[in-house]
Amino acid sequence: MFRLRACLVIPLFSACLAHAAPACKPGQPVDESGFVEIGGIAQWVTVSGDDCANPVLLYVHGGPGNPTSVFGAGPYASWRKHITLAQWDQRGSGMTWGRHRPGEDVPLRIEQLRDDGLDVARYLTQRFGRDKVILLGSSWGSMIGAHMAREKPGLFCAYVGVAQLVGYRDNATSWSTVIARARAANDNATVTQLEALGPPPWTNPRNFGIVRRAVRKYEAPNIDPTPPSWFEVLPLYASPQAKADYTEGEDYSFLKFVGWKGDGMASTMDLYRLGTRYELPVYLVQGKEDLLTEPKVTRRFFEAITAPDKALIEVPRAGHDPNGPLIDAQRQVLAKRLQWRCD
């Protein structure tokens, strides 16, 4: 396990980078995990790959509060020969939560997570001697990723958004779509549940979980199942304390996302307001059966943005969560659009 302090004081950063020795030599594998000082606190970063000469990909996890480092490379294990995968447990989640537990009254903001993510990207360029990294954000991570890509496009050779969140109002269509599916199926129990919630916005944090369960129910018949092996928890994260930290961080992050009065981070999401001009390539990978971040919402956003290069890949037999077709589509983006390079 490494314990490193990233050079994140911006006026000194270029000097720090110039004198930093790369973590490993070309041809050598890399497998690191540990705490790095990010945004003024210790945050958990893991890095793995077969060849240190490969481009670095920073994966921004979803949730909020659901780090994927607990599964190792998980769905991306087969990419090790092409890329060096970096994962980061966001502020208020996973191992980062275990080291730094903010009080319940401490806010969590998209801009704060954006800035943390940019510091992680800077750390990776320093650690591995790169000018840029590939940025990939999934679900909630796609909201943070889009903010990162807009704020500092020069840090990234491309942004890949998977199950792209667009905005609270835009993605609120999920409720009406799922209740329509339930009515068509004469699923009175689900209809009753969703009618009792009413359409968003909501002030009860539990409402999101009720809709999420209905989404999974109606996606399931139309998608390929996710291989269970992708989500086997590594021994490092299987201790009672690590499991408790994961759950507590998930609860904290989700409550900060929803808010007790519908006033959490979710209410501030709006990529149109952020701006639709991107100064780097943007590739959106979207499950056709996704009922949470629906294809029609992603398509409308894609058509509105400008970028040096852009593509929208709609994936049959894929919903919101990772499965074979969705991961294969992401692989094709990196192989065909970037040729597994980050120049």
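Predicted, not measured: the structure shown is a model, and the values here were computed from it.

1. Quick look at the layout of surface pockets
The calculated volume of the second largest pocket comes to roughly 250 Å³. In this structure, the second largest pocket is lined by 13 residues; those nearest its centre are Glu104, Tyr252, Leu255, Lys256 and Trp260. Of all the elements, helix 8 (residues 240-258) adds the most residues to the lining of the second largest pocket, at five residues.

2. Comments concerning empty space enclosed by the protein
Within the structure shown, the criterion is met by one cavity of 30 Å³ or more. Around the largest cavity sit Val70, Asp89, Gly94, Met95, Tyr237, Ala242 and Tyr246, which together line it. Looking at the lining of the largest cavity, the elements that each hand over two or more residues are helix 2 (94-99) and helix 8. When grouped by side-chain class, the residues that make up the lining of the largest cavity number five nonpolar, one polar and one charged.

3. Here we look at the state of the cysteines
Inspection of every chain in the model, using the stated rule, returns two disulfides. Here Cys24 engages in a disulfide with Cys52; their sulfurs sit 1.6 Å apart. Between Cys24 and Cys52, the S-S torsion sits near 60 degrees, and that sign places the bridge as right-handed. Highlighted residues: Cys24 in the loop between helix 1 (10-19) and strand 2 (30-38) and Cys52 in the loop between strand 3 (41-49) and strand 4 (56-60), separated in sequence by 28 residues. Comparing Cys24 with Cys52 shows no difference in burial state: the two are buried. A sulfur-sulfur distance of 2.1 Å marks the disulfide that ties Cys157 to Cys342. Classification of the bridge connecting Cys157 and Cys342 rests on its S-S torsion, roughly -115 degrees, and on that basis the disulfide is left-handed. Highlighted residues: Cys157 in strand 7 (residues 156-162) and Cys342 in the segment after helix 11 (324-337), separated in sequence by 185 residues. The exposure class assigned to Cys157 is buried, which follows from its relative accessible area of 11%.

4. Focus: the side chain of Thr68
One can find Thr68 in the loop between strand 4 and strand 5 (84-88). At a separation of 2.6 Å, a polar atom in the side chain of Thr68 contacts the side chain of Gln87. Not counting the four nearest positions on each side in its chain, Thr68 is found in contact with Tyr59, His61 and Gln87.

5. Structural notes on helix 8
With 19 residues, helix 8 extends 27 Å from end C-alpha to end C-alpha; this agrees with the ideal 27 Å at 1.5 Å per step. Within the sequence span of helix 8, burial applies to Ala242, Asp245, Tyr246, Gly249, Tyr252, Ser253, Lys256, Phe257 and Val258. Elements in contact with the buried residues of helix 8: helix 2, helix 4 (140-151) and helix 7 (206-219). Note on helix 8: the residue one or two positions beyond its end, Gly259, has a positive phi of about 85 degrees.

Conventions and cut-offs
- Residues numbered from 1 in each chain as written.
- Predicted model: local features only at pLDDT ≥ 70, side-chain atom pairs only at ≥ 80, totals over all residues.
- Heavy atoms only, no water.
- 1 Å grid on protein atoms, 1.4 Å probe; cavity = no way out; pocket = protein on both sides within 12 Å on 5 of 7 lines; lining within 4 Å.
- Points joined across faces, edges and corners; volume = space filled by probe spheres on them.
- Helix = DSSP H or I, 4+ residues; strand = E, 2+ residues; numbered from the N terminus.
- Nonpolar A, V, L, I, M, F, W, Y, C, P; charged D, E, K, R; others polar.
- Disulfide = S-S within 2.5 Å.
- Buried < 20%, exposed > 50% of the residue type's maximum accessible area, 1.4 Å probe, protein only.
- Polar contact = N/O pair within 3.5 Å; in protein donor to acceptor, adjacent residues only side chain to side chain.
- Contact = heavy atoms within 4.5 Å.
- Expected span 1.5 Å × (residues − 1).

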